[in-house]
Amino acid sequence: MGMSKSRSCFGYPLSIFFIVVNEFCERFSYYGMRALLVLYFRNFLNWDDDLSTAIYHTFAALCYLTPILGALIADSWLGKFKTIISLSIVYTIGQAVIAVSSINDLTDHDHNGTPDSIPVHVALSMIGLVLIAFGTGGIKPCVSAFGGDQFEEGQEKQRNQFFSIFYLAINAGSLLSTIITPILRVQQCGIHSQQACYPLAFGVPAALMAVSLIVFVLGSSMYRKFQPQGNVMSKVAKCISFAIKNRFRHRSKTFPKREHWLDWAKEKYDERLISQIKMVMKVMFLYIPLPMFWALFDQQGSRWTLQATTMSGRIGAIEIQPDQMQTVNAILIVIMVPIMDAVVYPLIAKCGFNFTSLKKMTVGMFLASMAFVAAAIVQVEIDKTLPVFPGENQIQIKVLNIGNNNMTVYLPGETVTLDQMSQTNGFITFDVDKLTSINVSSPESSITVAQNFDPGHRHTLLVWAPNSYLVVKDGLNQKPEKGENGIRFVNTLNEMLTITMSGKVYENITSYNASSYQFFPSGEKDYTINSTEIAENCPRVFKSSNLDFGSAYTYVIRRMNDGCLEVKEFEDIPPNTVNMALQIPQYFLLTCGEVVFSVTGLEFSYSQAPSNMKSVLQAGWLLTVAVGNIIVLIVAGAGHFDKQWAEYILFASLLLVVCVIFAIMARFYTYVNPAEIEAQFDEEEKKKSMEKDSSHTTLEPVTQTNM
């Protein structure tokens, strides 16, 4: 074992600081890249939502499956230090490849601003992602275990705090990068054409990965490095299979029972290995219920963000976009980890309560389960405010009078009178077979609307003269995505209009027709109306009302008596009213759960593992995260709930059940000190070799007592 004199600072080995900085840069690099992925797939590679989401989740799962490879390489072949360095190089190359794949001018030979051969970009980005998954996954179990290795006997307290600091570095990195990379993405750049700057946004994480590698190498002389101890995994597998076979061979009553089923391997394997495997198996058994926690935890990025899109982001003077709510978790962690370590745990200890690792983890699961109950309560509040959309066999209709006469509309079982420039009060719902005829009459004449309506959709009936009407299929049968606001224009002039709003163009809206919806984030928007028939002295630029979140409007453009234009706003979908601040309690509960569960789990996995299997157990811990991700995909795919709150309650109750099972399993777990057990084996081996030596010198008969 290569040891160097370890220098210390604040009672910690100095080498720790290199490891923490390395982890911070690596996580910044990873999360910064991951924050852009879905947008990059959709906007640059032009994939649809489903494909983008599927590839994104596959990549996430792969990142948590590869740690097993990393652990194998580290524990049985290269050692942790060399594994971290070689896989970091692979990782840096992967990040660089992805940055290159997002350079528009790479294949844009005709300089028109769009790549000429998308397959080249797709191929490069997939190669990049595979390299990143191997890199980040492979070094994950090694870095935390390598950090744990830096502490000597008797530094347990510092080591426990190291895992907290390590976790803090992870979250500080992810917090900063999720704030910074989206800012880089919206910059404009390019050689021949200016557009969203993906190369810069991917390039910065790539550069940080290189920094992370350099920092780690700089600390090289200070690290305590342990030699890998042969191929541990294959030894473990062989020993377990031998024990099972041997037990099976001796299954008759004549053979005495052995204390543990692994003891059946004693004929072939030494006791040290058997006792090490027992330690690992005991911990692995405890891991079985854990994926359920991650299944809930990882829904912050999916379900909870979708929930935020149906809420209002106005919190006091600031406005928050739905996908920014995820940063609440990282912000809370950076606050909570030090509070837990410095205040809460010492207080609990003062009260004389023995708050063991497994008790902490049980509490963490319980808190996460409560977070989902909180999410369900918020969801019930949101559901009260959501508009009713048509079912599969229903049609919704709204009548909008854009003419200069009063109109009377006869619908089945309902008569509506509309003044000029007014609309019915909301949408009216009909069953498909009930909507037989609609009559529109004005003082001069009356007509019957003949139209096939699409079931399951909303329609707007525009009427403007006694026998002039148009049915428009709205195309919105849910709240606008991402909390944006839908806006469409209706043109009542006699010529075509083109309207530009915040950089989006509504082209050639013909006379007495409606445009499709386009979507905008919150705030006031300017829009310009281009038409040949607007008089010189008339304004062409108009302001929208201050848009909130998740609303939709129809803007009707008409000519006033002086020849200038006026715009009237009609509400199609009301804005969200439930405030995003209501999500804070569920984020707070989940974060407290994560702090007591995750930090403790990392530290517990390290402390209960024999020295030659530290990385293997860290990889096992990470595997529970991968399985958790898979559970979400299965549950979301299999169970279709009419009500979202029902799904939240299902997850909460599943985790509660698992939490109880885990608590029972934890009762029966006895903590071990791997170092002590190994020291005993070392003692016994020493004795044996000394006796051997003495027996050689005096040639006395060797008794069998020490066999």
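Each remark here, short or long, concerns the structure printed above.
For every chain, the first residue of the written sequence is number 1, and numbering continues from 1 along that sequence. Local features are withheld for residues below a pLDDT of 70 in this predicted model, meaning they are given only at 70 or higher, and side-chain atom pairs are given and counted only at 80 or more; totals for whole chains, interfaces and linings count all residues. Based on all heavy atoms of the structure, the side-chain values leave hydrogens and waters out of the count.

Take the overall build of the chain next. What counts as a helix is a DSSP run of H or I of at least four residues, what counts as a strand is a run of E of at least two, and both are numbered from the N terminus. Helix and strand counts for the chain stand at 16 helices and 24 strands. The C-alpha extent of the chain, read off along each of the three principal axes, is 130 × 60 × 50 Å. Counting the 707 residues in the chain, one finds 50% classified as buried. Considering only residue pairs separated by 6 or more positions, the chain has 72% of its internal contacts joining residues 24 or more positions apart. For the accessible areas, the method is Shrake-Rupley and the probe is 1.4 Å, while residue cover comes only from the protein chains on display. Summing over all exposed atoms, the chain offers an accessible surface of approximately 33000 Å²; the carbon and sulfur share of this is 60%. Residues counted as positive are Lys and Arg, residues counted as negative are Asp and Glu, and His and the chain ends are not counted. Charged groups are reduced to one reference atom each: NZ for lysine, CZ for arginine, CG for aspartic acid, CD for glutamic acid. Separation between the mean location of the 54 positive side-chain charges and that of the 60 negative ones in the chain comes to 12 Å. Partly exposed residues are those whose accessible area sits between 20% and 50% of the maximum for their type, while under 20% is buried and over 50% is exposed, using a 1.4 Å probe and protein chains only. In this description, contact between two residues means that some pair of their heavy atoms is separated by no more than 4.5 Å.

Note on definitions: salt bridges are taken to be side-chain nitrogens of Lys or Arg within 4 Å of carboxyl oxygens of Asp or Glu. One pass over the structure, following the stated rule, counts 16 salt bridges. Residues D526 and K543 are paired through a salt bridge, measuring 2.8 Å at the closest nitrogen-oxygen approach. Taken together, the positions of D526 in strand β21 (residues 526-530) and K543 in strand β22 (residues 541-543) put the pair 17 residues apart, joining distant regions of the chain. Residue class for D526 comes out partly exposed when judged on its relative accessible area of 41%. Several salt bridges share partner residues, and in doing so they unite K398, D474, R488 and D572 into one network.

Glancing now at a positive patch on the surface. A patch is a set of surface residues, each over 30% in relative accessible area and not in a salt bridge, joined within 9 Å for like charges and within 5 Å for the nonpolar side chains Val, Leu, Ile, Met, Phe, Trp and Tyr. Side chains of K238, K245, R249 and K268 sit close together on the surface and give a patch of like positive charge. Within the secondary structure layout, K245 lies in helix α7 (residues 232-249).

Another aspect to go through is a nonpolar patch on the surface. A cluster of nonpolar residues, I331, I335, I339, V343 and L347, forms a patch on the protein surface that exposes about 410 Å² of accessible area. On the secondary structure map, V343 appears in helix α11 (residues 327-350). For V343, a relative accessible area of 42% translates into the label partly exposed.

With seven of its seven residues buried, strand β16 (residues 485-491) lies for the most part within the structure. Here β16 shows no split at all, with N485, I487, F489 and N491 on one side and G486, R488 and V490 on the other all buried. Pairing between strands is defined by DSSP: at least two bridges between the two strands are required. Pairing between β16 and strand β20 (residues 518-520): three bridges, direction antiparallel. Directly across from G486, in β20, lies its bridge partner F519. In this sheet, strand β23 (residues 552-559) lies alongside β16 in parallel orientation, the contact comprising six bridges. In the sheet register, V490 faces β23, and the bridge partner there is V556. Sheet topology note: the β16/strand β19 (residues 513-514) ladder contains two bridges and is antiparallel. When the sheet's bridge partners are listed, N491 is paired in β19 with N513.

A few words now on helix α5 (residues 156-185). The periodicity of an α-helix, 3.6 residues per turn, causes residues three or four positions apart to be oriented the same way. The length a helix should cover is 1.5 Å for every residue beyond the first. Look at α5: 43 Å from first C-alpha to last across 30 residues, which is about the 44 Å you get at 1.5 Å a residue. Of all the bends found along α5, the most pronounced is centred on S177 and spans about 25°. What we call the bend at a residue is the angle made by axes fitted to the seven residues finishing there and the seven residues starting there.

Moving on, we get to helix α4 (residues 118-149). Between its first and last C-alpha atoms α4 spans 46 Å; for 32 residues at 1.5 Å apiece the expected length is 46 Å, and the two agree. At K140, α4 shows its strongest bend, of approximately 35°, with the proline P141 following within four residues.

Attention shifts here to the sheet that holds β21. Pairing between sheet strands relies on hydrogen bonds along the backbone, with the strands arranged either parallel or antiparallel. Strand order in the open sheet formed by four strands is β18-β17-β21-β22, with antiparallel pairing between adjacent strands. Of all strands in the sheet, those with a lone pairing partner are β18 (504-509) and β22, marking the two edges. Ignoring strand direction, the axes of neighbouring strands in this sheet form an average angle of 20°. As judged from the four bridges shared by strand β17 (residues 497-501) and β21, these two strands associate in the antiparallel manner. Within β21, the position partnered with I499 by the bridge is I529. Axis lines are fitted to C-alpha atoms, over the contacting stretch for helices. Their N-to-C directions set the angle, which ranges from 0 to 180 degrees.

What follows concerns the state of the cysteines. Two cysteine sulfurs form a disulfide in these notes if their separation is within 2.5 Å. Summed over all chains, the structure comprises one disulfide. Disulfide pairing is shown between C538 and C564; the S-S distance is 1.9 Å. Disulfide C538-C564: torsion about the S-S bond near -80°, hence left-handed. One end of the pair, C538, is in the loop between β21 and β22; the other, C564, is in the loop between β23 and β24 (565-573), and 26 residues separate them in sequence.

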